[in-house]
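What follows is each chain in one-letter form.
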Amino acid sequence: MEITGDVTATCAVAALPGLAARLLHEDTTPGSPQSAESFDAYLAAAGYQDGPAGEAGAGQLLDAFEQSGLRGRGGAAFPFAVKARTVRRVARWTVPPVVVANGEEGEPASVKDRWLLRNRPHLVLDGLRLAAAVVGAERAYVYVSDPAAARSVAAAVHDAELAGRLPIPVEITVVEPAYVAGEETAAVRAINGGPAKPADKPPRPFEAGVAGRPTLVSNVETLANLPFVYRHGAAAYRQAGTAASPGTFLATITGGGRPPALYELPHGLPFRELLSLHGVDEGTVHGVLMGGYFSGLIGGSTAVDMTLDHEAVRAAGSGLGCGAVAILGENDCPVAVAASVMAYFARENAGQCGSCFNGTAAMSAVLDALRDGGATGDDLARLRRWSMVLRGRGACGTLDGAVNLAGSLLSHFPETVGRHLEGGRHLAGGCDRCAVSVFRATRPYEAEEVSLA
Amino acid sequence: MRIRLDRTVCDGFGVCAARAPGYFSLDDWGYASLSGDGEVAPGDEAAVTRAILDCPVHAVTRLAKPPWAEESGG
């Protein structure tokens, strides 16, 4: 099943052959113009089912979400039901909570949240009203930066409200796109009228979020999984995926000398099968960048043997994160890739925490020098130390992403790093790949826009 | 007592680490992070209170324990 956008869109969208798609469109004719799923079409496909009825129904549904084992899809993979239960518990002591659908996809290497909001806004809204029901929220927000996603959701909210399918008011908050704007406290600050920048914790949104109320912030893909559980139950949900990473997930695949693609895959799929689906010869894979820019690099031989679920990718020393996987191309030197991504962090961090704006700038300077053959052993020793001592020193995850990148480059690619050092003043530092062409990108492995129609 | 450090406010004066070195660590540029989870042992409360009072930008604050922290289950 291949779904194409208009002729100018280069990002293919498809579910793994043989997989019944839960998140992507099921019945789009190949080659036909694609547009947002209408309210009528979603309703006809058993969307917006009645209920849950009352407090008891909400409690049972939360139990089903817990049994489904659904994990958050924004990157942290936190169990959805644990987060929802915490919000409920805090709300019992304070005031009714708020639910936020987080669709601000700051990650340049990922398109899945934008795709969902543009193409299946009702699936997300259905999930949002179910999340609101289980925590007892009286108000909900959709937080986005993509203008096309905002338009699509606004139209969907209008249609669903008119038909009486949204029991609570849903507001849309639009911000300028930014890497740091997608963090949950940035969403809360922006909705509260502040800048879309992260806040330090505590308090976390579950304690004090939108208007000071306990707030459940969930990624839009996480919410898009809730209607399936409501309709079919936890056991059916678990028929795809692994025991600890149940269900399917959306994977944005970039790099590897292929056009980018958005796939729906079952958790636990061997990475080899993804490579074959994507048309990449596994012998050419010498490295991958995981979880967008967040989870760092993995060496090719380790990557091809892993499966795509949170446990296996963690065991490989990395993280599946938001499901974005960038395959390093034949001439993409991991040192040069790391230098470009670190430069992005040094530019795009919130400029709030001293450890982050200093640490990313310092690591970026070392990686630039290393790429260009001018880094010394002392520089490398500093980079190694920063990759350890700076972890956890920022209010949000940006600095952790930067240390993941630096640390994983050093541990997975010691030989390439060594060639860049030893090369000294020689052209391109003795690296075969950089000798052909030096990888440089402002937004490395940025996924192409997925077209609406 | 329980404290928080807002690192978006910290300007790297380093006074906190001078007053209560067991609770605050400084990076290479002098910016602070909490060393533990913010729980302060009774015997250290005087030193940590000095750190709170002496921070020029009020990045360190004392936290009240919320009622739901005591409750278990959902």
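Residues numbered from 1 in each chain as written. Chains lettered and ligands numbered in written order. Predicted model: local features only at pLDDT ≥ 70, side-chain atom pairs only at ≥ 80, totals over all residues.

With that settled, the discussion passes to the overall build of chain A. The helix and strand inventory of chain A stands at 18 helices and 13 strands. The C-alpha radius of gyration of chain A comes to 22 Å, within 12% of the 22 Å expected for a compact globule of 453 residues. Projecting the C-alpha coordinates of chain A onto the three principal axes gives extents of approximately 70 × 50 × 35 Å. Split into buried and exposed, the 453 residues of chain A put 60% on the buried side. In chain A, of all internal contacts separated by at least 6 residues, the share reaching a separation of at least 24 is 73%. (Helix = DSSP H or I, 4+ residues; strand = E, 2+ residues; numbered from the N terminus. Rg over C-alpha atoms; globule rule 2.2 N^0.38 Å. Buried ≥ 20, exposed ≤ 12 C-beta atoms within 10 Å, placed from the backbone. Contact = placed C-beta atoms within 7 Å.)

The subject of this paragraph is the overall build of chain B. Along its length, chain B carries two helices and four strands. When the helices and strands of chain B are read in sequence order from the N terminus, they spell out β-α-β-β-α-β. Each principal axis of the C-alpha distribution contributes one length, and for chain B these read about 45 × 25 × 20 Å. Going through the 74 residues of chain B one by one, you find that 23% of them count as buried. Considering only contacts in chain B between residues 6 or more positions apart, those separated by 24 or more positions represent 62%.

Let's shift gears to the confidence of the model for chain B. Averaged over all residues, the pLDDT of chain B equals 93, while 93% of them reach at least 70. Complex prediction metrics read pTM 0.94 and ipTM 0.94. (pLDDT = per-residue confidence, 0-100.)

Turning to helix α2 (residues 54–68) of chain A, a few remarks are in order. Residues and elements named next belong to chain A. If you check α2, its first and last C-alpha atoms are 21 Å apart, about what 15 residues at 1.5 Å a residue would give, namely 21 Å. Taken as a whole, α2 has its buried residues at Leu 61, Leu 62, Ala 64, Phe 65 and Ser 68. For α2, the angular spread of the buried residues around the axis is 155°, confining them to a single face. In α2, the exposed positions that point more than 90 degrees away from the buried face belong to Glu 55 and Ala 56. In the stretch just after α2, Gly 69 is the one whose phi turns positive, near 70°. (Expected span 1.5 Å × (residues − 1). Arc of directions from axis to C-beta.)

Take the pairing of strand β1 (residues 2–5) of chain B next. Residues and elements named next belong to chain B. Of the two faces of β1, the one lined by Ile 3 and Leu 5 is fully buried and the one lined by Arg 2 and Arg 4 carries no buried residue. Sheet topology places β1 next to strand β4 (residues 60–63); four bridges connect them, and they run antiparallel. If you follow Arg 2 over to β4, its bridge partner there is Leu 63. (Pairing = 2+ DSSP bridges.)

What follows concerns the interface of chain A and chain B. Listed per partner, the contact involves 18 residues of chain A and 16 residues of chain B. Elements represented by at least two residues in the side of chain A that touches chain B include exactly α3 (80–93) and α14 (354–371) of chain A. Tallying contributions element by element places α3 of chain A first for the side of chain A that touches chain B, with five residues. Tallied by class, residues from the side of chain A that touches chain B come to seven nonpolar, five polar and six charged. (Nonpolar A, V, L, I, M, F, W, Y, C, P; charged D, E, K, R; others polar.)

So, on to the sheet that holds strand β3 (residues 98–102) of chain A. Residues and elements named next belong to chain A. Read across the sheet, four strands follow the order β5-β4-β3-β6 without closing on themselves; strand pairing throughout is parallel. On the outer flanks of this sheet lie β5 (170–174) and β6 (215–219), each paired with one strand and no other. Ignoring strand direction, the axes of neighbouring strands in this sheet form an average angle of 20°. Examined bridge by bridge, β3 and β6 share five bridges and lie parallel to one another. (Axes fitted to C-alpha atoms, helices over the stretch in contact; angles between N-to-C directions.)

What follows deals with the environment of Ala 336 of chain A. All names here are of chain A. For Ala 336, the position within the fold is in helix α13 (residues 334–348). Taking the C-alpha atoms as reference points, Ala 336 and Leu 367, 31 residues apart in sequence, are found 7.7 Å from one another. In contact with Ala 336, other than residues within four places in its own chain, are Arg 371, Cys 434, Val 438, Phe 439 and Arg 440.

Angle between the axes and distance between the axes are the two parameters that describe a pair of packed helices. All names here are of chain A. Remark: α2 packs on helix α8 (residues 220–232), axes separated minimally by 10 Å, with the N-to-C direction vectors making an angle of 110°. It follows that α2 is roughly perpendicular to α8 by the angle criterion. Every residue of α8 that contacts α2 at Leu 61, Ala 64, Phe 65 and Ser 68 is listed here: Leu 226, Val 229 and Tyr 230. The residue makeup of the contact of α2 with α8, split by class, is six nonpolar, one polar and no charged. (Parallel < 35°, antiparallel > 145°, perpendicular 65-115°, else oblique.)

Right, let's get into helix α10 (residues 271–278) of chain A. All names here are of chain A. Within α10 the residues assigned to the buried category are Phe 271, Leu 274, Leu 275 and His 278. Taken down its axis, α10 places every buried residue within 100° of arc, on the same side. Buried positions along α10 lie against β7 (248–255), β8 (261–266), β9 (269–270), α11 (300–305) and β12 (307–308). Once α10 finishes, Gly 279 follows within two positions and takes phi at roughly 75°, a positive value.

Residues and elements named next belong to chain A. When its domains are assigned, chain A resolves into domain 1 (1–34 + 240–329), domain 2 (35–237) and domain 3 (334–436). Computed over C-alpha atoms, the centres of domain 2 and domain 3 are 36 Å apart. Across the boundary between the two partners, domain 2 contributes eight residues, which contact eight residues of domain 3. Across the side of domain 2 that touches domain 3, the residue classes tally to five nonpolar, no polar and three charged. (Domains from an automatic or database assignment.)

Residues and elements named next belong to chain A. Between helix α5 (residues 121–135) and α8, the least distance of the axes is 7 Å, while the angle of their chain directions is 75°. What the angle tells us is that α5 and α8 run roughly perpendicular. Touching Leu 123, Val 124, Asp 126, Gly 127, Leu 128, Leu 130 and Ala 131 of α5 are Val 220, Leu 223, Ala 224, Asn 225, Leu 226, Pro 227 and Tyr 230, all from α8. Class assignment for the residues of the contact of α5 with α8 results in eleven nonpolar, two polar and one charged.

By size, the foremost hydrophobic cluster in this structure holds 149 residues, and its most contacted members are Phe 65, Val 100, Ala 131 and Met 342 of chain A. Considering each element in turn, this core owes the most residues, eleven residues, to α13 of chain A. Contacts of Met 342 of chain A, omitting those with residues within four sequence positions, involve Thr 360, Met 363, Ser 364, Leu 367, Ala 402 and Leu 405 of chain A. Counting residues in each nonpolar core, the second largest holds 14 residues, with Leu 5, Tyr 31, Val 48 and Val 60 of chain B among its members. (Core = buried A, V, L, I, M, F, W, Y, C linked by C-beta atoms within 7 Å.)

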